[in-house]
Amino acid sequence: MRQEWEPEDLIEVWTLLEEDQERLRNKSGANRLGFALLLKFFEVEARFPEDAGEIPVPAVSYVAQQVRAPAEEWVAYDWSGRAIKRHRMEIRGAFGFRECTEEDQAQLAEWLAVELCGVELNRERLAEAVVARCRKDRLEPPAPGQIARLVGKAVSTFEERFCAATVARLSAATRSRLDDLIAEDACTDAESAGGGGTFFTELKADPGALGLDSLLAEVNKLQ
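Caption draft 1: Just the overall build of the protein chain, in detail. Helix and strand counts for the protein chain stand at 12 helices and two strands. By the compact-globule yardstick of 17 Å for 223 residues, the protein chain is too spread out, its C-alpha radius of gyration being 27 Å. Principal-axis analysis of the C-alpha atoms places the extent of the protein chain at approximately 80 × 35 × 35 Å. Within the protein chain, buried positions represent 32% of all 223 residues.

Right under this line is the structure:
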């Protein structure tokens, strides 16, 4: 979330509405301010902040004025106690969200493997797609580390399936010739003892910038 907010933006996004104020009735002090900030943050981001530093300082001051609590109370909000767990549960319920279970994460990884990994190589954008999908399905997204592992699993699954499907399309004769090529390459490696690249190494090498010369070079290698 951005940290700089103009006054009119603060009013539009961080103003506590009547129903928000109703949810604050049984809360006081740091819990009152903490709940209000988590509530408005979730309304914007469809997730909870990772730490207190994610909440913009201007928003803390503006919300503190509305709940009639000192802004300094935000520092005292307990991020590991039972209160914040109850607050998260209440806020999820208010917006119709639920926690992302292990089954949900497995389904998200499968969705990535089937729908996106074949067309998107950037893992950061795949992670962003997971967060967007969670918001659409009204799921609280997993923690960043869990999302990274989820993306890694999806990429591995896609690559395994892609390789298996590719090999299945090759004839037995072609597979045998490829096996022979690798075996010959291994023998050459042993004989050369690191003295230069082998043909199979050259075949796997990055072709470089796209152009007519690089295209023709790749065609020659494949032939």
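Caption draft 2: Representation of the nonpolar core in the model. The biggest cluster of nonpolar side chains holds 28 residues, and the ones touching the most others in it are W14, L37, I55, V63 and V67. Elements with a minimum of two residues in this core: α1 (7–14), α3 (29–45), α4 (57–67) and α6 (82–95). For this core, the leading source of residues is α3, giving eight residues. In this view, L37 contacts W14, I55, A59, V60, V63 and W74; residues no more than four positions away in its chain are not counted. By size, the runner-up hydrophobic cluster in this structure holds 15 residues, among which are A109, C117, L126 and L150.

Caption draft 3: Structural detail: the side chain of R92. Looking at where R92 falls in the secondary structure, it is placed in helix α6. Non-local contacts of R92, meaning those with residues more than four positions away in its chain, are made with F48, F97, R98, E99 and E140.

Caption draft 4: Summary view of the packing of α3 against α6. Contact pair α3 / α6: the axes reach a minimum separation of 10 Å and the direction vectors enclose 40 degrees. The two elements α3 and α6 cross, and the hand of that crossing is right-handed. Packed against α3, whose contacting residues are N31, F35, L38, L39, F42 and E43, the element α6 presents A83, I84, H87, E90, I91 and F95 at the interface. The class makeup of the residues in the contact of α3 with α6 is eight nonpolar, two polar and two charged.

Caption draft 5: View of the confidence of the model for the protein chain. Counting all residues, the mean pLDDT for the protein chain is 91, and 94% of those residues have values of 70 or more. Considering each helix and strand of the protein chain separately, the mean pLDDT is smallest for helix α10 (residues 172–192), with a value of 75, and largest for helix α7 (residues 102–116), with 97.

Caption draft 6: Fine view of the pattern of salt bridges. For the structure on display, the rule yields 16 salt bridges. Residue D104 is joined to R98 by a salt bridge in which the shortest nitrogen-to-oxygen separation is 2.6 Å. Residue classification places D104 among the buried residues on the basis of a relative accessible area of 7%. Residue R133 is joined to D137 by a salt bridge in which the shortest nitrogen-to-oxygen separation is 2.9 Å. Overlapping salt bridges, with partners in common, bring together D20, R23, K40 and E43 in one network.

Caption draft 7: Focus on the environment of A106. Structurally, A106 is set in helix α7. In the structure, A106 is positioned 47 residues away from K153 in sequence and 9.1 Å away in space, judged by C-alpha atoms.

Definitions and limits used
Residues numbered from 1 in each chain as written. Predicted model: local features only at pLDDT ≥ 70, side-chain atom pairs only at ≥ 80, totals over all residues. Heavy atoms only, no water. Helix = DSSP H or I, 4+ residues; strand = E, 2+ residues; numbered from the N terminus. Rg over C-alpha atoms; globule rule 2.2 N^0.38 Å. Buried < 20%, exposed > 50% of the residue type's maximum accessible area, 1.4 Å probe, protein only. Core = buried A, V, L, I, M, F, W, Y, C linked by side-chain atoms within 4.5 Å. Contact = heavy atoms within 4.5 Å. Axes fitted to C-alpha atoms, helices over the stretch in contact; angles between N-to-C directions. Left-handed = near helix turned anticlockwise from the far one by under 90°. Nonpolar A, V, L, I, M, F, W, Y, C, P; charged D, E, K, R; others polar. pLDDT = per-residue confidence, 0-100. Salt bridge = Lys/Arg side-chain N within 4 Å of Asp/Glu carboxyl O.

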